[in-house]
Amino acid sequence: MKQYFNPEAVLTTLERLMSALPLTLIIAAVSLAAGMLLAAPIASARMKRHSLQSWLAAFFVSFIRGTPALVQLFLIFFGLPEFLKIFGLNITGWDKRVFAAITFTLFSSAFLSEVYRSAYLAVDQGQMEAALSIGMTKFQALMRILFPQALIIALPNIGNQAIGMVKETSLMFTIGIADLMGIANRIVSDSYGLINMEAFIAVGLIYCVLCVIIGQALKLLEVTVGKWCGVRIEKPNDRRGKFASLTGFRRGADGL
Amino acid sequence: MGFDFKFFGNMFLIVLGKLPVTLFVAITSMLIALVIGYAVDTCRRLQIPVLKQLAELYVYLVRSFPVIVIIYMIYYGTPVFFATLNDAFGLTLPESRTLINPYIFGVAALSLNSGAFLAEVIRSAMRSVGKGQTEAALSIGMTDGQVMRRIIIPQALAAAIPNLGNSFLNLIKATSLVYRVTIIDMMAVATIAAALDFRYLESYTVVAIVYWLLCVVFEKLFVVLEKSASKYKKPV
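Everything quoted here is computed from the prediction, not taken from an experiment. (Residues numbered from 1 in each chain as written. Chains lettered and ligands numbered in written order. Predicted model: local features only at pLDDT ≥ 70, side-chain atom pairs only at ≥ 80, totals over all residues. Heavy atoms only, no water.)

Peer 1: So what's going on with the nonpolar core? Which residues, and what values?
Peer 2: Membership of the largest hydrophobic core comes to 149 residues, with the highest contact counts inside it found for Leu17 of chain A together with Val15 of chain B. It is helix H7 (residues 144–174) of chain B that provides the largest number of residues to this core, a total of 14 residues. Excluding residues within four positions of it along the chain, Leu17 of chain A makes contact with Leu180, Ile183, Ala184, Ile187, Ala199, Ala202, Val203 and Ile206 of chain A. Listed in part, the five residues of the second largest apolar core include Leu151, Leu155, Val225 and Cys229 of chain A. (Core = buried A, V, L, I, M, F, W, Y, C linked by side-chain atoms within 4.5 Å. Buried < 20%, exposed > 50% of the residue type's maximum accessible area, 1.4 Å probe, protein only. Helix = DSSP H or I, 4+ residues; strand = E, 2+ residues; numbered from the N terminus. Contact = heavy atoms within 4.5 Å.)

Peer 1: Could you give an account of the interface of chain A and chain B, naming the residues involved and the relevant values?
Peer 2: Accessible area lost during the coming together of the parts is what is often quoted as the interface size. Between chain A and chain B, the residue contacts involve 52 residues of the former and 50 residues of the latter. Both sides together, the interface formed by chain A and chain B hides about 4600 Å², and carbon and sulfur atoms give 69% of it. Applying the counting criterion to the chain A and chain B interface returns zero salt bridges. In this structure, the connection of chain A to chain B is made through three residue pairs in polar contact (both at pLDDT 80 or more). Looking at the side of chain A that touches chain B, the elements that each hand over two or more residues are helix H3 (52–66), helix H4 (69–85), helix H8 (180–190), helix H9 (197–229) and helix H10 (242–247) of chain A. Here the element with the most residues in the side of chain A that touches chain B is H9 of chain A; it accounts for 10 residues. Of the residues in the side of chain A that touches chain B, the class split is 28 nonpolar, 13 polar and 11 charged. (Buried area = accessible area lost by both parts, 1.4 Å probe. Salt bridge = Lys/Arg side-chain N within 4 Å of Asp/Glu carboxyl O. Polar contact = N/O pair within 3.5 Å; in protein donor to acceptor, adjacent residues only side chain to side chain. Nonpolar A, V, L, I, M, F, W, Y, C, P; charged D, E, K, R; others polar.)

Peer 1: Give a detailed account of helix H7 (residues 138–168) of chain A, specifying residues and quantitative values.
Peer 2: In this model, H7 of chain A (31 residues) spans only 37 Å end to end at C-alpha, well below the 45 Å of a helix rising 1.5 Å per residue. A maximum bend of about 45 degrees is found in H7 of chain A at Leu146 of chain A, where proline Pro148 of chain A lies one to four positions downstream. (Expected span 1.5 Å × (residues − 1). Bend = angle between axes of the 7 residues up to and from the residue.)

Peer 1: Which residues make up the packing of aromatic side chains, and what values go with them?
Peer 2: Enumeration over the complete set of coordinates arrives at 26 aromatic pairs over all chains. Where Phe200 of chain A meets Tyr76 of chain B, the ring centres are 5.4 Å apart and the plane angle is 10 degrees; that geometry is what we call stacked. Of the two residues, Phe200 of chain A is situated in helix H9 and Tyr76 of chain B in helix H4 (residues 67–89); the pairing between them involves two chains. Here the two residues Phe200 of chain A and Tyr76 of chain B agree in accessibility, since each one is buried. Between Phe168 of chain B and Phe222 of chain B, the ring centres sit 5.9 Å apart and the planes meet at 50 degrees, which makes this aromatic pair tilted. One end of the pair, Phe168 of chain B, is in helix H7; the other, Phe222 of chain B, is in helix H9 (residues 200–229), and 54 residues separate them in sequence. The buried category is assigned to Phe168 of chain B, whose relative accessible area is 5%. Judged by relative accessible area, Phe222 of chain B falls into the buried class, the value being 17%. Among the aromatic side chains, those forming a connected cluster through ring pairs are Phe74, Phe77, Phe78, Trp94 and Phe99 of chain A together with Tyr200 and Tyr204 of chain B. (Phe/Tyr/Trp six-rings, centres within 6.5 Å; stacked < 30°, edge-to-face > 60°.)

Peer 1: Please give an account of the confidence of the model for chain B that cites residues and values.
Peer 2: All names here are of chain B. Across chain B, the average pLDDT comes to 91, with 99% of residues at 70 or higher. When pLDDT is averaged over each element of chain B, helix H2 (residues 19–45) comes out on top at 95 and helix H1 (residues 5–17) at the bottom at 88. Our summary of model confidence lists the complex with pTM equal to 0.88 and ipTM equal to 0.89. (pLDDT = per-residue confidence, 0-100.)

Peer 1: Any details on unusual backbone geometry? Residues and values, ideally.
Peer 2: Even without being a glycine, His50 of chain A presents a positive backbone phi close to 45 degrees. As for its position among the elements, His50 of chain A is in the loop between helix H2 (21–47) and H3. Of the residues examined, His50 of chain A reaches a relative accessible area of 83% and is grouped as exposed. Positive phi, normally seen in glycine, also occurs at Phe198 of chain B, with a value near 60 degrees.

Peer 1: Describe a nonpolar patch on the surface, naming the residues involved and giving the relevant values.
Peer 2: Residues and elements named next belong to chain B. Together, Leu46, Ile48, Val50, Leu51, Leu54 and Leu57 give the surface a local cluster of nonpolar side chains, amounting to about 520 Å² of exposed area. Tracing the sequence through the fold places Val50 in helix H3 (residues 49–64). On the basis of relative accessibility, which here comes to 59%, the residue Val50 falls in the exposed class. (Patch = residues over 30% accessible without salt bridge, like charges linked within 9 Å, V, L, I, M, F, W, Y side chains within 5 Å. Areas by Shrake-Rupley, 256 points an atom, 1.4 Å probe, with all protein chains shown as cover.)

Take a look at the structure:
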């Protein structure tokens, strides 16, 4: 029987793929951090009633959640230079990775604004009223009462978004960035098509390990933040088997 | 070079012409994924020894892999798979990527990906139906099949539909990636038509609008589905 599949190739391609791993992590981290910052004003704009801000924010979130990430990447990559030309800015010299970071920032900010919104609404409004009634300023009430509880509620969902963001950055190669998928495609062409599936299995394994590491880090983060906020976390009796609990996926999480 | 509105308008007809391709890939993948998800969940629920571990491994792996990686793996791996099948069983399946219908790559990859997520959705939906109901139904003499059909599945379906809708919307967005495995869908025609004039922004804007409208329509559809599936909850 001829040998079609070469398991050793998985290991040799892993070495070459590792060189692109920092790029993926940096773009994912930057996009997530910027997205977390950007999501706060979007969430607060959505919760105002019947104003231009809330309509704009709702439209933005609906558009970002309703269009594929790949299409958004192309829109930003091809469209942002055209758009900025109107203001006289010439950004044709920008690095492609900046476009990717901008796209993923906008992408994560839309999803995270929904997370923030649901966490905010999940905290009992009576607590805010009580805090205000004993003389706290709105800022004090937000920081001391709402924020710790909302943070605990939001953290698992933020974690899921983080894992989703890492997987979403796999699309960067379509605009020519040499990330994990880009190097995998280069490996395929360099070996004249001999090493094809093995390279992508290696890429998948790297993402697996990344998800496990991020999942474990998130579990640790949840416990630490819980202690800091003084809230005890009641974990439901989760009998999902050892594979599922490793990645730290939460119930109801969805991919992409 | 500003925004070419005439080109923008023309692209709508071209892109919408390939909308059936996207819908076909999405709906077929969803149906197969439902079957996969239900099978995986059944293996876990009934605690079948080897299949349960395999099912958990499948869900864990596929949820960690990005969709594009799965698509490329199926694209490059299917000829290899067919070749080994040919050697083992003496079949005459095509062994070259150009001879295999590209829809097989797209539908297989997307249904495998969604199947893992649907397994989790179905699992949580089945568990949301109380165990007491199964016991009560069995105690009045229903068979296992009747319990499933009459008691568990209707309630699980009502609980699952919001998450199923969410998964389906993710699936529709994932179909934007299958043009890379030579399926001529909306993204493919947008890229090809745009390359003639270098009008990439206009064609991708059209694609974005079509996907967005598609998602809005299906969102509303799933709300209607959920209402009709929850009819049994009305107080008597």
